[in-house]
Amino acid sequence: MNEREVFVRKTNNYRIWVDEAGVGRIRILRRINFKVLANLFEELHGEIKKRMPGNPGKVHIIFYISKSLYDEMSINAKEFLGFCQSCMGIKFELVLIKM
């Protein structure tokens with residue numbers, strides 16, 4: 001796999017990446033605030049659009065989070081995820097991980 005084909009950013013709290021097929025992925029490792037979550041979606045959405053300019057289809061993002069972190073997530077964050085799917089043209093998948 002060519003490193004230029006994959007966008008990756010890693011921190012202690014999360015990982016985001018876009019694979020060769022243009023699918024964006026977010027993996028939350030520790031608690032983050034709502035502003036960081038919104039910024040992650042904005043950055044990932046922009047990166048996918050930049051890499052797939054000729055693809056008029058939906059942006060596809062897979063969001064990985066542990067069940068315990070999801071249960072602690074604010075109602076605003078959960079509503080934001082729903083907004084991304086319904087209003088921004090994002091095909092969104094939520095994967096709850098058992099820890």
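Residues numbered from 1 in each chain as written. Predicted model: local features only at pLDDT ≥ 70, side-chain atom pairs only at ≥ 80, totals over all residues. Heavy atoms only, no water.

**Student:** Let's hear about the side chain of R25: which residues, and what values?
**Tutor:** Within the secondary structure layout, R25 lies in strand β3 (residues 24-28). Under the relative-accessibility criterion, R25 is labelled buried at 18%. (Helix = DSSP H or I, 4+ residues; strand = E, 2+ residues; numbered from the N terminus. Buried < 20%, exposed > 50% of the residue type's maximum accessible area, 1.4 Å probe, protein only.)

**Student:** Outline the pairing of strand β2 (residues 14-18), listing residues and values.
**Tutor:** The alternating pattern of β2 places Y14, I16 and V18 on a buried face and R15 and W17 on a face that is not buried. As judged from the four bridges shared by strand β1 (residues 7-10) and β2, these two strands associate in the antiparallel manner. Looking at β2, one finds that V8 is bridged to W17. Between the end of β1 and the start of β2, which pair antiparallel, lie three residues. Direction of pairing for β2 relative to β3: antiparallel, over a ladder of five bridges. From the neighbouring strand, R15 faces β3, where its bridge partner is R27. (Pairing = 2+ DSSP bridges.)

**Student:** Can you lay out helix α1 (residues 34-51) for me, pointing to particular residues and giving the numbers?
**Tutor:** For α1, built from 18 residues, the straight-helix expectation of 26 Å at 1.5 Å per residue is met to within 8% by its first-to-last C-alpha distance of 26 Å. Listing the buried residues of α1 in full gives L37, L40, F41, L44, H45, E47 and I48. End-on, the buried residues of α1 take up no more than an arc of 165 degrees, which puts them together on one face. α1 presents K35, E42 and K50 as exposed residues on the side facing more than 90 degrees away from its buried surface. Looking at the buried side of α1, the elements it contacts are β1, β2, β3, β4 (59-66), α3 (75-87) and β5 (90-97). With a side-chain oxygen lying 3.2 Å from the backbone nitrogen of K35, the N-terminal cap of α1 falls on N33. (Expected span 1.5 Å × (residues − 1). Arc of directions from axis to C-beta. Contact = heavy atoms within 4.5 Å. Polar contact = N/O pair within 3.5 Å; in protein donor to acceptor, adjacent residues only side chain to side chain.)

**Student:** Please give an account of the pairing of β4 that cites residues and values.
**Tutor:** Burial of β4 is extensive: eight of the eight residues sit out of reach of the surface. By the bridge criterion, four bridges tie β3 to β4 in an arrangement that is parallel. Looking at β4, one finds that G24 is bridged to I61. In the sheet, β4 pairs with β5 via eight bridges, with the strands oriented parallel. Its bridge partner lying in β5, I62 is registered against E93.

**Student:** How would you explain the nonpolar core if you had to name every residue and give the values?
**Tutor:** In this structure, I26, I28, F41, I61, F63 and L81 are the most contacted members of the largest nonpolar core, which totals 23 residues. When residues in this core are grouped by element, the largest group, five residues, is from α1. When neighbours within four sequence positions are excluded, L81 is seen to be in contact with L37, F41, F63, M73 and F92. (Core = buried A, V, L, I, M, F, W, Y, C linked by side-chain atoms within 4.5 Å.)

**Student:** Give me the lowdown on α3, citing residues and values where you can.
**Tutor:** Taking 1.5 Å per residue as the helical rise, α3 with its 13 residues ought to reach 18 Å, and the 18 Å between its terminal C-alpha atoms agrees with that figure. Buried within α3 we find A77, F80, L81 and C84. Along the axis of α3, the buried positions cluster into a sector of 100 degrees, meaning they face one direction only. Exposed and oriented more than 90 degrees from the buried face of α3 are I75, N76, E79, S86 and C87. The elements touched by buried residues of α3 are α1, β4 and β5. Positive backbone phi, at 70 degrees, marks G89, one or two positions downstream of α3.

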